[in-house]
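# Report on the structure
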Amino acid sequence: GGFSHRYVSFDDAPDPTKLIKSMRIYTMFPQMPDPMPLPSTSAEDLQKEIASRETRMAESGQDPHKDKYGRMFTHKSTSNVSNTIHGVYFIFDVTNLSGLDEVPALDLFGTKNIEREWVSLSDLKVLEEDGTTIGTVDTKPTFISGHIVRQLVKEGVIKV
């Protein structure tokens, strides 16, 4: 193919064995409605269900943050059961990799250049305002992968 700013040469790439050993696989476990709404439920009623779910769970004695087996919910799901997310993370430091500044920021579809936006881990609620302490606020409304990034910080994979 022709030249593209989306391509970064990996001539100085990390050792593939080290890269594979750095791999982490996480499953983002959703808080699902219980009972599940019928497929015919209106969009308005589904929104009401989501908005009141945590209160109803707490009132019924369920922990709104984890299931009966102790698995922590990483996000609040709709009644669409396909919302369990599996993430594969390859960890390598690109701090001094040349050419990254030329890689454009793109929209969701990868078709339009957009302004690059850097957001701190504190702004994403991964860390507290001091920038070093692991956050305690639920990251789901701000950054759905916040739970995973917190884990990577705890493991020392992401240095702060």
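A brief structural summary.

## Describing the side chain of Ser122
- Looking at the element boundaries, Ser122 is found in the loop between β6 (113-114) and α3 (146-154).
- When sequence neighbours within four positions are dropped, the list of residues in contact with Ser122 reads Leu127, Glu128, Glu129 and Gly131.

## Describing the pattern of salt bridges
- The tally for this structure, following the rule as stated, stands at five salt bridges.
- A salt bridge links Glu155 to Arg24; its shortest N-O distance comes to 2.9 Å. Of this pair, Glu155 sits in the segment after α3 while Arg24 sits in strand β1 (residues 24-28), and the two are 131 residues apart along the sequence.
- For Glu155, a relative accessible area of 37% translates into the label partly exposed.

## What about the packing of aromatic side chains?
- One pass over the structure, following the stated rule, counts two aromatic pairs.
- Ring centres of Tyr26 and Tyr89 lie 5.9 Å apart, and the angle between their planes is 75°; on these two criteria the pair is classed as edge-to-face. Residue Tyr26 is found in strand β1, and its partner Tyr89 is found in strand β4 (residues 85-89); the two are separated by 63 residues along the sequence.
- A relative accessible area of 15% places Tyr26 in the buried class.

Rules used throughout
- Along each chain, residue indices are assigned from 1 in the same order as the chain's sequence is written.
- pLDDT decides what is reported in this predicted model: residues at 70 or higher carry local features, side-chain atom pairs at 80 or more are listed and counted, and totals for whole chains, interfaces and linings draw on all residues regardless.
- To obtain the side-chain values, all non-hydrogen atoms of the structure were included, while hydrogens and water were left out.
- Helix and strand assignments come from DSSP, with helices taken as H or I runs of at least 4 residues and strands as E runs of at least 2, each series counted from the N terminus.
- Any two residues having at least one pair of non-hydrogen atoms within 4.5 Å are treated as being in contact.
- Each reported salt bridge corresponds to a side-chain nitrogen of Lys or Arg within 4 Å of a carboxyl oxygen of Asp or Glu.
- Whether a residue is buried, partly exposed or exposed follows from its accessible area with a 1.4 Å probe, protein chains only, as a fraction of its type maximum: under 20%, in between, or over 50%, in that order.
- Pairing of aromatic rings covers Phe, Tyr and Trp, the last through its six-membered ring, and needs centres within 6.5 Å; plane angles under 30 degrees mean stacked, over 60 mean edge-to-face, and all others mean tilted.

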